[in-house]
Amino acid sequence: RRTGACAVWVAESRATWVDVTNDYHFLPDGRLIWPSERSGWNQLYLVDAAGEVVNAITALDGAVTALIGLDAAGDVIYRGYGGPPLGALSRQVWRAPLDGSAAERVSGSVGWNDAMLAPGGRFRVDTTSRSASPPVATVRTASDEFVAQLPYTAPSFQMSKLPQREFFTLEDAQGRELPASIIRPAGFDPTRRYPVIMYHYGGPESQVISDAWSTGSRELWTRLMAERGYVMFSVDNPGSNYFGQAGADALHRRFGEVNLAAQRAGVTWLASQDWVDAGRIGLWGWSGGGANTLYSILNAPGTWRAAVSGAPVTDWRLYDTIWTERYLDHPDDNPDGYRDSSAVTWADRLEDALLMVHGTADDNVHPQNSLVMAQALVEAGKPFDWAIYPRQKHGFRGSASRHFYDKMTAFFERELAPRPPEIEAGTDPQG
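Throughout what follows, the structure given in this document is the object of discussion. (Residues numbered from 1 in each chain as written. Predicted model: local features only at pLDDT ≥ 70, side-chain atom pairs only at ≥ 80, totals over all residues. Heavy atoms only, no water.)

### Quick word on the overall build of the protein
Part 1 of the argument: When helices and strands are counted, the protein shows nine helices and 20 strands.
Part 2 of the argument: Its C-alpha atoms give the protein principal-axis dimensions of roughly 85 × 55 × 45 Å.
Part 3 of the argument: For the protein, the proportion of its 431 residues judged to be buried stands at 51%.
Part 4 of the argument: For the protein, contacts bridging at least 24 residues in sequence account for 60% of all contacts bridging at least 6.
Part 5 of the argument: Accessible surface computed for the protein: about 19800 Å², of which carbon and sulfur atoms make up 50%.
Part 6 of the argument: Once the 39 positive and 51 negative side-chain charges of the protein are each reduced to a mean point, those two points are 4 Å apart. (Helix = DSSP H or I, 4+ residues; strand = E, 2+ residues; numbered from the N terminus. Buried < 20%, exposed > 50% of the residue type's maximum accessible area, 1.4 Å probe, protein only. Contact = heavy atoms within 4.5 Å. Areas by Shrake-Rupley, 256 points an atom, 1.4 Å probe, with all protein chains shown as cover. Lys, Arg positive; Asp, Glu negative; His and termini not counted. Charge placed at Lys NZ, Arg CZ, Asp CG, Glu CD.)

Spelled out as structure tokens, the structure:
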């Protein structure tokens, strides 16, 4: 008889936080497919009607990123990646029976792979791409038989003709291998010394380094700047997807420090390259990356020559609770963490050229964040540039997006501009 009474079926606990996802699935026989990071990496488990774990369905060296569904044979189709150091660079699609035996990969081993199941699970659409290769979508049966390749409208340019992204790892101060990517300038000459623009995000369980196709504004601007003579560089920190939940736990109750250490390790690596001008390195990021950009330049002044902070959270008490309190806990329980994680606290340390950008209609990171930061910089007597975009939300669109990238280009050109070869060689006819 239905009484409406509730009881706990399965529970998860962790000293830091527990991520809540939709990657669970109720089975007709009363059992449950349940995601858990109890091992330090997200995996799928089979739970019986009493709430007891029967067995692990997945056993990836890294993590499951999505439960796609059950196919017509009753096998679990899921997406995930391998372990360190570069496991999360790619995504693969896997299939496993409920008892976890005989798991097999049904996608390619490299690049960004994904899948969708048709209702009933008789057909699957597999999609694969790489940083320089556009997506290819293929329809297959549940038993992997080819049915058709779906059409794709290619962009009007060839990504392969642009400067290409290279993936590698670099060592941080603790000896950990951090994932990184670099795009060398067009016509790269190792006897020259180039300026560098670094892009980062740096939030918990995030990822910048990925072997995935993108024709978004940021990616195209990145390739454009490489064509204009800049080294374009990124490094992910130990709180990123590459290091699993155990790595992300390092960001609990304090933002900024872990990411800053990784970005400084990136600067150290860059400075060790003969073809890098270590005195002309810039840093930029958006949203959480904008917050981390401010934190980085204020807590390591002089490391970068110029920085662009887009739509930043500058005081974590001004951001939404469902995200912030997951990682920093309640402000009353962690006042030091909120204070030390916020850029406003360190405003008087600004030494580098700074451009701050925000949209007035941003309903994700409220523009109050940039206004508070601007006031703190004014009170500290620190010069800075900023740009306010009317009616723009958290992601700029249309003419505002083009205007922003033009403005950021002009800012970095002013602060970091590549020098002609004759100046590099000391033979400038103007002296």
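### Quick word on the side chain of R91
Part 1 of the argument: Residue placement: R91 occurs in the loop between strand 6 (76-80) and strand 7 (92-96).
Part 2 of the argument: Of the buried charged residues, R91 lacks a salt bridge, with D114 as the closest side chain of opposite charge at 8.7 Å.
Part 3 of the argument: A polar atom in the side chain of R91 sits 2.8 Å from the backbone oxygen of A88.
Part 4 of the argument: If near-sequence neighbours (up to four positions away) are discounted, R91 is found in contact with T65, R79, G80, Y81, G111, W112, N113, Q207 and N241. (Salt bridge = Lys/Arg side-chain N within 4 Å of Asp/Glu carboxyl O. Polar contact = N/O pair within 3.5 Å; in protein donor to acceptor, adjacent residues only side chain to side chain.)

### Structural notes on the sheet that holds strand 12 (residues 146-149)
Part 1 of the argument: In spatial order, the strands read 9-10-11-12; together these four strands make up an open sheet with antiparallel pairing. Each having just a single partner strand, strand 9 (112-117) and strand 12 make up the two edges of the open sheet. Strand-to-strand twist in this sheet, taken as the mean axis angle between neighbours without regard to direction, amounts to 25°.
Part 2 of the argument: The sheet contact formed by strand 11 (residues 133-141) and strand 12 spans three bridges and is antiparallel. Considered in strand 12, the bridge of R140 is made with F146. (Pairing = 2+ DSSP bridges. Axes fitted to C-alpha atoms, helices over the stretch in contact; angles between N-to-C directions.)

### Some remarks on empty space enclosed by the protein
Part 1 of the argument: Enumeration over the complete set of coordinates arrives at two cavities of 30 Å³ or more.
Part 2 of the argument: Within this model, the largest cavity holds a volume of roughly 100 Å³.
Part 3 of the argument: What lines the largest cavity is Y201, G202, G203, P204, L251, F255, G256, N259, G288, N292, W316 and W323.
Part 4 of the argument: Taken together, the residues of the lining of the largest cavity break down into six nonpolar, six polar and no charged.
Part 5 of the argument: The volume enclosed by the second largest cavity comes to roughly 50 Å³.
Part 6 of the argument: Forming the boundary of the second largest cavity are F255, G256, A291, N292, Y295, V313, W316, S341, S342 and A343.
Part 7 of the argument: Counted by class, the lining of the second largest cavity contains six nonpolar, four polar and no charged residues. (1 Å grid on protein atoms, 1.4 Å probe; cavity = no way out; pocket = protein on both sides within 12 Å on 5 of 7 lines; lining within 4 Å. Points joined across faces, edges and corners; volume = space filled by probe spheres on them. Nonpolar A, V, L, I, M, F, W, Y, C, P; charged D, E, K, R; others polar.)

### Topic: the sheet that holds strand 5 (residues 64-70)
Each strand in a sheet pairs with its neighbour through backbone hydrogen bonds, running either in the same direction (parallel) or in the opposite one (antiparallel).
Part 1 of the argument: Judged by pairing direction, the sheet is antiparallel, and its four strands sit side by side in the order 5-6-7-8 without closing on themselves. A single partner strand is all that each edge strand has here, and the edge strands are strand 5 and strand 8 (104-105).
Part 2 of the argument: Here strand 7 pairs with strand 8 via two bridges, running antiparallel. Bridging across to strand 8, R95 finds its partner in E104.

### Digging into the pattern of salt bridges
Part 1 of the argument: The final tally for this structure, using the stated rule, is 27 salt bridges.
Part 2 of the argument: The closest approach of N and O atoms between D144 and R124, which form a salt bridge, is 2.9 Å. Of the two residues, D144 is situated in the loop between strand 11 and strand 12 and R124 in strand 10 (residues 123-130); the sequence distance between them amounts to 20 residues.
Part 3 of the argument: Residue D144 is classed as partly exposed on the basis of its relative accessible area, which comes to 27%.
Part 4 of the argument: Given a relative accessible area of 1%, R124 falls into the buried group.
Part 5 of the argument: Between R228 and E413 there is a salt bridge, with the nearest N and O atoms lying 2.7 Å from each other. On the criterion of sequence distance, the pair formed by R228 in the loop between helix 1 (217-227) and strand 16 (231-235) and E413 in helix 8 (residues 398-416) is long-range, its members being 185 residues apart.
Part 6 of the argument: For R228, a relative accessible area of 41% puts it in the partly exposed group.
Part 7 of the argument: A single network of salt bridges, built from pairs that share partners, joins R95, E104, R124, D126, R140 and D144.

### A closer look at the nonpolar core
Part 1 of the argument: F233, W284, F404 and F412 are the most contacted members of the largest nonpolar core, which totals 72 residues.
Part 2 of the argument: Among the elements that make up this core, the one with the highest residue count is helix 8 (seven residues).
Part 3 of the argument: Setting aside anything within four residues of it in sequence, one finds W284 in contact with I197, M198, Y199, H200, R218, W221, T293, V308, F404, Y405, M408 and F412. (Core = buried A, V, L, I, M, F, W, Y, C linked by side-chain atoms within 4.5 Å.)

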